[in-house]
Amino acid sequence: MADLVPLEWRNGRLIILDQTLLPLHETYIELHDYQEVASAIKSLAVRGAPAIGLAAAYGVVKGAQAIKTNDVREFNSELQKVIDTLAASRPTARNLFWALERMQRVAQSGINVDQIKKVLEQEAIRIHQEQLESDLALSRLGAALINTGDTILTHCNAGALATGGYGTALGVIKQAYAEGKNIQVIATETRPLLQGARLTACELKKAGIPFTLITDSMAGTFMRQGKINAVVTGADRIAANGDTANKIGTYTLAVLARAHNIPFYIAAPISTVDSSISSGEEIVIEERKAEEVTCIQGVCTAPDGIHVANPAFDVTPNRYISAIITERGIIRRPFTRGLKETCR
């Protein structure tokens, strides 16, 4: 069955699948301007680091199309406001800023406004195509790490919904299954927003891959019982030393995997690597609203007026990571050297 498509560019129109409504409703909406794109990113209607980058790139195009001037300097000034708004939508995912930086470089190389608008659209489409190609490449490489009969645990959602392509962590799983490796998957529900239960389960079911859904707190027991052979997750930002930010709870799984001698793999495109920061200590962790913790799908489950912490991500130190799977190769320790060589 075909993958769910998180966003499409149709003759100048940006159409997204509202992921906040899955799996109950498969609803597509059109985003008419860059402010709507920024809002969709903030609300998680479009989510997943690579897909956020794609949405932001198309958001720049929408913003550029709406600028009514033929003066290049004035145009670039207005375009910077568009880019700044999109950059402020979420702080952790590197792919958002990577895509915006590419779009900004393209804009600065233009001769006149009409040409700039044209090359911006071409660049956004190119980024989208490259994402699909990188997903497929890293999925094929990562599948080689999966053995026939393995049971793989994955956390949050790193499939087509998160990338706009084939998927990263879930792409590795799909590729291994396509190769006939007779695998099983364990998906964590991923509190507080249940991306595993709502989205990964939806993608796995659609792909026909055998899986079991568990609560986040069950992972250690399944590892102790020998029911998990590998852990594969995605990433939102990877520091130069290999420290990795991903959905909150990833660090816990990495520590548990080490305690049980289970390989722990990160699958992410090169665009997720931030060579400008030396370690995970420098990664900005997004703090989201309390209601995401106190309520589930609009139903409140905690008392009013209590103190809530809701960091959306955590950082897994590189010492807990067995390998980082990218489209350019599988990187092992020492990660600093491997990432530097791979990202050239």
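Here, the structure is the one placed above.
Predicted, not measured: the structure shown is a model, and the values here were computed from it. (Residues numbered from 1 in each chain as written. Predicted model: local features only at pLDDT ≥ 70, side-chain atom pairs only at ≥ 80, totals over all residues. Heavy atoms only, no water.)

**Let's talk about the overall build of the protein chain**
Put simply, the test is: In this text, helices come from DSSP runs of H or I with a minimum length of four residues, and strands from runs of E with a minimum of two, each type numbered from the N-terminal end. In this treatment the radius of gyration is a C-alpha quantity, and the globule benchmark scales as 2.2 Å times the residue count to the 0.38 power. Using a 1.4 Å probe on the protein chains alone, a residue whose accessible area is under 20% of its type maximum counts as buried, one over 50% counts as exposed, and one in between counts as partly exposed. Only heavy atoms enter the contact rule, under which two residues are in contact if any of them lie within 4.5 Å. Computed by Shrake-Rupley with a 1.4 Å probe, the accessible areas treat only the displayed protein chains as cover when residues are assessed. Charge counting treats Lys and Arg as positive and Asp and Glu as negative, with His and both chain ends excluded. The atoms used to mark charge sites are NZ of Lys, CZ of Arg, CG of Asp and CD of Glu.
Looking only at helices and strands, one finds 12 helices and 16 strands in the protein chain. Computed over its C-alpha atoms, the radius of gyration of the protein chain comes to 20 Å, within 12% of the 20 Å expected for a compact globule of 344 residues. For the protein chain, the spread of C-alpha atoms along the principal axes amounts to about 65 × 50 × 40 Å. Residues counted as buried form 56% of the 344 residues belonging to the protein chain. In the protein chain, 74% of the contacts between residues at least 6 apart in sequence involve partners at least 24 apart. Looking at the protein chain as shown, the accessible area adds up to about 14,600 Å², and 50% of this sits on carbon and sulfur atoms. For the protein chain, the separation between the mean place of its 36 positive charges and that of its 36 negative charges on side chains is 4 Å.

**Observations regarding the side chain of Thr92**
The following threshold applies: By the criterion applied in these results, polar contacts are pairs of N or O atoms within 3.5 Å in which, for protein atoms, one can donate a hydrogen and the other can accept it, and in which residues neighboring in sequence qualify only through two side-chain atoms.
In this structure, Thr92 sits in the loop between helix H3 (72-87) and helix H4 (94-108). From its side chain, Thr92 meets the backbone oxygen of Val284 in a polar contact 2.7 Å long. Excluding anything up to four places from it in sequence, Thr92 contacts Asp236, Arg237, Ala245, Ile283, Val284, Ile285, Glu286 and Phe313.

**Points about the nonpolar core**
To keep things clear, this is the line we draw: Among buried residues, those of type Ala, Val, Leu, Ile, Met, Phe, Trp, Tyr and Cys that are joined through side-chain atoms within 4.5 Å constitute a nonpolar core.
If you look at the biggest cluster of nonpolar residues, it comprises 38 residues, and the most contacted ones within it are Leu14, Val60, Leu79, Met103 and Leu120. Secondary structure elements with two or more residues in this core: strand S1 (7-10), strand S2 (13-17), helix H1 (34-43), helix H2 (49-66), H3, H4 and helix H5 (113-143). Among the elements that make up this core, the one with the highest residue count is H2 (10 residues). Core analysis: the second largest hydrophobic core is formed by 24 residues, Met223, Ala268, Ile331 and Leu339 among them.

**Focus on the pattern of salt bridges**
Side-chain pairs of opposite charge can arise whenever the charged atoms involved come near each other. Spelled out, the test is: One speaks of a salt bridge when a side-chain nitrogen belonging to Lys or Arg is within 4 Å of a carboxyl oxygen belonging to Asp or Glu.
Per the counting criterion, the structure on display carries 12 salt bridges. Glu78 is the salt-bridge partner of Lys81, the closest N and O atoms lying 3.1 Å from each other. Of this pair, Lys81 and Glu78 both sit in helix H3, 3 residues apart, which is roughly one turn of the helix. By relative accessible area, which is 46% here, Lys81 ends up partly exposed. Linking Glu123 and Arg126 is a salt bridge whose minimum nitrogen-to-oxygen distance equals 2.4 Å. Of this pair, Glu123 and Arg126 both sit in helix H5, 3 residues apart, roughly one helical turn. Among the residues examined, Glu123 registers a relative accessible area of 9% and is labelled buried.

**Thoughts on the packing of aromatic side chains**
We count it as follows: Ring geometry is summarised as follows: Phe, Tyr and Trp rings, the Trp one being its six-membered ring, pair when their centres sit within 6.5 Å, and such pairs are stacked at plane angles under 30 degrees, edge-to-face over 60 and tilted between the two. Any Lys NZ or Arg CZ that is within 6 Å of a ring centre and within 35 degrees of that ring's normal is treated as a charge sitting over the ring.
For the structure on display, the rule yields 2 aromatic pairs. Arranged with centres 4.8 Å apart and planes meeting at 5°, the rings of Trp9 and Tyr58 form a pair that is stacked. Placement of the pair is Trp9 in strand S1 and Tyr58 in helix H2, with a sequence separation of 49 residues. The exposure class of Tyr58 is buried, given its relative accessible area of 2%. Above the face of the Phe313 ring, Lys247 is positioned so that its terminal group lies 4.8 Å from the ring centre.

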